[in-house]
Amino acid sequence: MPTDDIDPSKAFQNVKDVNAGLLGAYNALNYYSSIFYTTRITDEVMLPSENSTGSGVATYRWQYDGAFQHDAWYDNYRAIDRANRVLSVIDEIPAKPGEETTLKTQYKGELLALRAYCHFELIRNFASGYSPDSMGVPYMEKSEISQPFRLTFSETMAKINADLVAAKALIPADFDDNTRITRLAVSAIQARAALYEKNWDNAIAYATEVINGLPLVSRANFPDMWHEEADGEVIWKLKRVDSDEETPLGNLYTQASFLDNPAGSRVYYAASYELTNLFDQVNDIRFSSYIVIDPGRQVAGKTPNVVIKYMNNDADNRNLVDIKLYRTGEMYLIRSEAYAEKNELTEAADDLNDLRAARISGYVDQSFGSKAAIIEALQMERFKELAYEGHRHHDLRRWNLPITRLPEDAVNALGAVLMPPTKAQYIWPIPNSELRANKNLKQNPGY
């Protein structure tokens, strides 16, 4: 063994150690896999001329191949490895009857759920497709140096679902710390996983568990959820503090000084016109919570569409916010889509209308005459509701739709205006460095 290797049985000797190991696994999670890349590749943002940093430009212009290093691969497998190290010894660790035993059981549930979540993020990013026989990812159930094969999508999902079921039975129902995985968070992960599997019955059942457990936030309180004044409908979030080494998420879009000095601040990635034009900018609370259009910047020759979704009201650190991974709003959209796919159009319309009514002042319920009509409406609603939360690319893949950009959004795209599903870059490549280390891995098509 390497001289610096620490045997898990020596590293984790009591329940307190288990919690430390679990927190170490949580610590490996970041937002790049779910937000940074998906935002750049899709029609959520435009690249303004004032961005001279070069950060993310190749991704935005679809100029990547197998040599591109996608952090999602490394970050998620690192978290999985940390979780597996604790899981390898947790059953042998002594615990006193009562609270300590309860905590040990809960920690095991969190570890299993975290392992499932990370594998699900990997399959969202790297599966060759979301159909049963598509290439999935290796499922690591123990910490080891090996050369695993890619499972199929269905095989990977089966293991994800098994870990989630086991986790749910172990996490107490009254545990409600939303900076960690609660039982309600497990239901949310299950609902999203069922959506990708097209298991409509499970999507409805699990989304309903979440909706019944945590209602939609009111329109008046919706902005507080994003600006760090209240949790609202946040089911699970990644806590972020000043000492974190990661760049605050808001820094990906604009300088932290924007709210205090709009004209003098630089925007790195602006809200696309394609997205801003979809909103009822006067009555939809999501628009003013996510985006500001500053006419003064336009007069100064700068892009006016500024993303403020990840800014808080603390003048000392505007761009430092917690990362919201799962929200009740998404569960309404999941359940509505599942109902629509089952041709239960009344129920599908009810969920979509309920969500809109919670977000849009004066909203009047709409009816939809066909499955196609409500699916189209849901596609646009997911674009608006979940903007900049790491869903857009994966949603387009689920629906087999191209990535498109309006001419006004493509001024610095160097021709990156249409990405059909047949183009290699539509699917992320497995990092070449990983292929060199593991001869059993197969690259995604086209690379």
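Scroll up a little and you will see the structure.
So, here is what we can say about the structure in this document. All values derive from a computational prediction rather than experimental measurement.

To continue, consider the overall build of the protein chain. A tally of regular secondary structure across the protein chain gives 18 helices and 8 strands. Taking 22 Å as the expected radius of gyration for a compact globule of 447 residues, we find that the protein chain reaches 22 Å, a close match to that expectation. Across its three principal directions, the C-alpha atoms of the protein chain cover 65 × 50 × 45 Å. Counting only residues that meet the buried cut, the protein chain has 57% of its 447 residues in that class. Restricting to contacts in the protein chain with at least 6 residues of sequence separation, those with at least 24 account for 71%. Split by element, the accessible area of the protein chain, about 17,900 Å² in all, is 50% carbon and sulfur. The averaged location of the 62 negative side-chain charges in the protein chain is 4 Å from the averaged location of its 47 positive side-chain charges.

Here we take up empty space enclosed by the protein. To locate leftover empty space, one rolls a probe as large as a water molecule over the atoms. With the rule as written, the count across this model stands at 4 cavities of 30 Å³ or more. Approximately 60 Å³ is the volume attributed to the second largest cavity. Ser34, Tyr117, Glu121, Arg124, Arg192, Lys324, Leu325, Glu389 and His391 are the residues that line the second largest cavity. Looking at the lining of the second largest cavity, the elements that each hand over two or more residues are helix H6 (99–126) and strand E6 (323–327). Counting residues per element, the lining of the second largest cavity draws most heavily on H6, at 3 residues.

The end-to-end C-alpha separation of helix H2 (residues 15–27) is 18 Å, in line with the 18 Å expected for 13 residues at 1.5 Å each. Where H2 is concerned, the buried positions are Val15, Val18, Asn19, Gly21, Leu22, Ala25 and Tyr26. Seen end-on, H2 carries its buried residues on one side only, within an arc spanning 160°. Away from the buried face of H2 by more than 90 degrees, exposed residues Lys16 and Asn27 are located.

Quick look at the pairing of strand E2 (residues 234–238) now. Taking burial as the measure, the 5 residues of E2 include 5 buried ones, the bulk of the element. The pairing of E2 with E6 spans 4 bridges and is classified as antiparallel. Looking at the pairing, tryptophan 236 lines up with tyrosine 326 of E6.

For the rest of this paragraph, the subject is the layout of surface pockets. The volume enclosed by the largest pocket comes to roughly 700 Å³. For the largest pocket, the lining is made up of 27 residues, of which Asp81, Met140, Glu144, Ile145 and Ser146 are closest to its centre. For the lining of the largest pocket, the secondary structure elements donating two or more residues are helix H5 (71–87) and helix H18 (432–437). The biggest single contributor to the lining of the largest pocket is H5, with 7 residues. When grouped by side-chain class, the residues that make up the lining of the largest pocket number 14 nonpolar, 6 polar and 7 charged. By volume, the second largest pocket amounts to about 400 Å³. As for the second largest pocket, its lining consists of 17 residues, of which Tyr26, Asn27, Lys239, Arg240 and Asp244 are closest to the centre. Here the lining of the second largest pocket gets 3 residues from one element, more than from any other, and that element is H2. For the lining of the second largest pocket, the per-class residue count stands at 6 nonpolar, 3 polar and 8 charged.

This brings us to unusual backbone geometry. Despite not being glycine, lysine 198 has its phi angle at roughly 65°, a positive value. Tracing the sequence through the fold places lysine 198 in the loop between helix H8 (183–197) and helix H9 (200–213). Lysine 198 sits in the partly exposed class, given a relative accessible area of 46%.

Turning to H5, a few remarks are in order. Its 17 residues place the ends of H5 24 Å apart at the C-alpha level, agreeing with the 24 Å of an ideal helix rising 1.5 Å per residue. Within the span of H5, buried status applies to Ala72, Trp73, Asp75, Asn76, Tyr77, Ala79, Ile80, Ala83, Asn84, Val86 and Leu87.

The interhelical angle for the contact between H6 and H8, taken along N-to-C directions, is 30°, at an axis separation of 11 Å. Taken together, the axis directions place H6 and H8 in an arrangement best described as roughly parallel. Here H6 and H8 pass one another in a crossing that is left-handed. Counted together, Ala113, Tyr117, Phe120, Glu121 and Arg124 of H6 and Val186, Ile189, Arg192, Ala193 and Tyr196 of H8 form the full contact between these two elements. Among the residues making up the contact of H6 with H8, the classes are represented as 7 nonpolar, no polar and 3 charged.

Tallying each qualifying case throughout the model produces 21 aromatic pairs. Note on tyrosine 253 and tyrosine 388: the rings are 5.5 Å apart at their centroids and 65° apart in plane angle, and the pair reads as edge-to-face. Taken together, the positions of tyrosine 253 in the loop between E2 and strand E3 (270–271) and tyrosine 388 in the loop between helix H16 (371–385) and helix H17 (392–399) put the pair 135 residues apart, joining distant regions of the chain. On the accessibility criterion, tyrosine 388 (0% relative accessible area) is buried. Arranged with centres 6.5 Å apart and planes meeting at 85°, the rings of phenylalanine 279 and tyrosine 290 form a pair that is edge-to-face. With phenylalanine 279 in the loop between helix H11 (273–276) and helix H12 (285–290) and tyrosine 290 in helix H12, this residue pair connects regions lying 11 residues apart in the sequence.

Time to look at the pattern of salt bridges. Two side chains bearing opposite charge may form a pair once their charged atoms approach each other closely. The final tally for this structure, using the stated rule, is 36 salt bridges. Of the charged contacts in the structure, one is a salt bridge between aspartate 43 and arginine 392, with a shortest N-O distance of 3.0 Å. In this pair, aspartate 43 is assigned in the loop between helix H3 (32–41) and strand E1 (45–46) and arginine 392 in helix H17, connecting sequence segments 349 residues apart. A salt bridge links aspartate 260 to arginine 318; the nearest nitrogen and oxygen atoms lie 2.7 Å apart. Of this pair, aspartate 260 sits in the loop between E2 and E3 while arginine 318 sits in the loop between strand E5 (305–307) and E6, and the two are 58 residues apart along the sequence. You can call arginine 318 buried: its relative accessible area is 11%.

A few words now on the side chain of glutamate 274. With respect to the helices and strands, glutamate 274 occurs in helix H11. Excluding residues that lie within four positions of it along the chain, glutamate 274 makes contacts with Asp43, Phe383, Thr404, Arg405, Leu406 and Asp409.

Rules of the game
Residues numbered from 1 in each chain as written. Predicted model: local features only at pLDDT ≥ 70, side-chain atom pairs only at ≥ 80, totals over all residues. Heavy atoms only, no water. Helix = DSSP H or I, 4+ residues; strand = E, 2+ residues; numbered from the N terminus. Rg over C-alpha atoms; globule rule 2.2 N^0.38 Å. Buried < 20%, exposed > 50% of the residue type's maximum accessible area, 1.4 Å probe, protein only. Contact = heavy atoms within 4.5 Å. Areas by Shrake-Rupley, 256 points an atom, 1.4 Å probe, with all protein chains shown as cover. Lys, Arg positive; Asp, Glu negative; His and termini not counted. Charge placed at Lys NZ, Arg CZ, Asp CG, Glu CD. 1 Å grid on protein atoms, 1.4 Å probe; cavity = no way out; pocket = protein on both sides within 12 Å on 5 of 7 lines; lining within 4 Å. Points joined across faces, edges and corners; volume = space filled by probe spheres on them. Expected span 1.5 Å × (residues − 1). Arc of directions from axis to C-beta. Pairing = 2+ DSSP bridges. Nonpolar A, V, L, I, M, F, W, Y, C, P; charged D, E, K, R; others polar. Axes fitted to C-alpha atoms, helices over the stretch in contact; angles between N-to-C directions. Parallel < 35°, antiparallel > 145°, perpendicular 65-115°, else oblique. Left-handed = near helix turned anticlockwise from the far one by under 90°. Phe/Tyr/Trp six-rings, centres within 6.5 Å; stacked < 30°, edge-to-face > 60°. Salt bridge = Lys/Arg side-chain N within 4 Å of Asp/Glu carboxyl O.

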